[in-house]
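So the chains spell out like this:
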Amino acid sequence: MGASFILAPSLLSADFSRLAEELHFIEANGGQWVHLDVMDGVFVPNLTFGAPVVRSLRSKSTLPFDVHLMVSRPQDFVKDFSAVGADYFTFHIEAAVHAHRLITEIRAAGMKPGVSIVPSTPVHLLDEVLPFVDLVLVMTVNPGFGGQTMIPRCLEKIKTLYEHREKYDYRYLISADGGVNAETLPAVCNAGADVIVSGSSFFSGEIKK
């Protein structure tokens with residue numbers, strides 16, 4: 001645990017009228033991944049973008065595309081996001097009955113599988129899939145909107161995931177998403193997060209690498 005982390009700015013907080021320029025801004029200001037929040041208006045109370053937008057952006061950046069599916073049927077989108085160049089495909093355990101099957105399909109499609117939990121979901125519900133994923137995304141706010149305040153209790157989930165990884169020699173990265181700013185960043189890193197998703201704090205210049 002410590003201050004070293006992968007910075008994954010979220011395009012949810014970017015200016016949607018100039019996304020190509022925002023990708024260049026991410027690269028110029030230390031962003032190492034691009035986090036893309038895909039919302040269907042069903043699983044979360046908001047609607048963002050889908051595979052066509054990711055396709056149009058893929059040629060504009062060489063950074064890894066970390067696609068976060070906040071949708072009710074993530075299994076329906078594996079082929080679509082593989083075809084447009086997503087590197088990570090992260091789904092919510094709350095939306096997947098056959099999670100192991102979905103992880104297998106994601107990897108077979110050439111992407112790295114990730115799994116996410118909302119603040120009300122306990123870590124132990126991930127026990128059966130942790131050996132098989134490359135990324136675990138802990139939502140530290142209730143998903144659907146940017147600019148929220150972090151729920152401090154979620155840091156305990158990051159600590160638990162870090163301890164599980166050490167104990168069982170798992171290989172996943174731990175990502176934290178929601179309310180990470182200059183004030184909360186040290187606590188998130190100290191809890192064991194490897195990947196920091198930052199929206200408004202990154203684009204305002206508060207968080208940089």
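Above: the structure in question.
Residues numbered from 1 in each chain as written. Predicted model: local features only at pLDDT ≥ 70, side-chain atom pairs only at ≥ 80, totals over all residues. Heavy atoms only, no water.

**A closer look at the sheet that holds strand 3 (residues 65-70)**
Rule in force here: Here the rule is simple: two strands pair whenever DSSP picks up at least two bridges between them. What counts as a helix is a DSSP run of H or I of at least four residues, what counts as a strand is a run of E of at least two, and both are numbered from the N terminus. Only the contacting stretch of a helix is used when fitting its axis, a line to C-alpha atoms as for every element, and angles between N-to-C directions run 0 to 180 degrees.
The sheet built from 8 strands is open, its strands ordered 1-8-7-6-5-4-3-2 with parallel pairing. The sheet is open, and its two edges are formed by strand 1 (6-9) and strand 2 (34-39), each paired on a single side. Sheet twist, expressed as the mean angle between neighbouring strand axes with direction ignored, is 25°. For strand 1 and strand 8 (residues 195-198), the ladder comprises 4 bridges, and the chain directions are parallel. For I6, the partnering residue across the bridge sits in strand 8 and is V195.

**Some thoughts on the pattern of salt bridges**
Spelled out, the test is: Salt bridge criterion: a side-chain nitrogen from Lys or Arg within 4 Å of a carboxyl oxygen from Asp or Glu. With a 1.4 Å probe rolled over the protein chains alone, any residue whose accessible area is under 20% of its type maximum counts as buried; one over 50% counts as exposed, and the rest are partly exposed.
A complete count under the given rule lists 7 salt bridges for this structure. Here R18 makes a salt bridge to E22, at a shortest N to O gap of 3.2 Å. With a relative accessible area of 8%, E22 lands in the buried category. The residue D134 makes a salt bridge to R107 at a minimum N-O spacing of 3.1 Å. Residue D134 is located in the loop between strand 5 (112-117) and strand 6 (135-139), and its partner R107 is located in helix 4 (residues 99-108); the two are separated by 27 residues in the primary sequence.

**A word on unusual backbone geometry**
Positioned with a positive phi, D169 is a non-glycine residue whose angle comes to about 60°. Secondary-structure assignment places D169 in the loop between helix 5 (154-168) and strand 7 (173-177).

**Structural notes on helix 4**
Heads up, the condition is: Taking the helix axis as origin, the arc is that swept by the directions to the C-beta atoms.
A99, L102, I103 and I106 are the residues of helix 4 that are buried. Looking down the long axis of helix 4, one finds its buried residues gathered within 100° of arc, a one-sided arrangement. Of the exposed residues in helix 4, those oriented more than 90 degrees away from the buried face are R101 and A108.

**Some words on the pairing of strand 4 (residues 88-92)**
Short version of the rule: Place the viewer so that the strands point away; then a crossover is right-handed whenever the path from the first strand over the helix to the second strand goes clockwise.
With 5 of 5 residues buried, strand 4 is to be regarded as a mostly interior element. Side chains Y88, T90 and H92 project from strand 4 onto one buried face, and the interleaved F89 and F91 project onto a second face that is buried too. Sheet topology note: the strand 3/strand 4 ladder contains 4 bridges and is parallel. Residue V67 lies in a different strand from strand 4, and its bridge partner there is F89. For the crossover from strand 3 across helix 3 (residues 78-83) to strand 4, the handedness is right-handed. In the sheet, strand 4 pairs with strand 5 via 5 bridges, with the strands oriented parallel. By the bridge assignment, Y88 is partnered in strand 5 with K112.

**Considering the pairing of strand 3**
Counted residue by residue, strand 3 has 6 buried out of 6 residues, so it is predominantly covered. Because side chains alternate across strand 3, one face comprises the buried residues F65, V67 and L69, and the other comprises D66, H68 and M70, equally buried. Relative to strand 3, strand 2 runs parallel, the two being bridged by 6 bridges. When the sheet's bridge partners are listed, V38 is paired in strand 3 with L69. For the segment spanning strand 2, helix 2 (residues 51-58) and strand 3, crossover handedness is right-handed.

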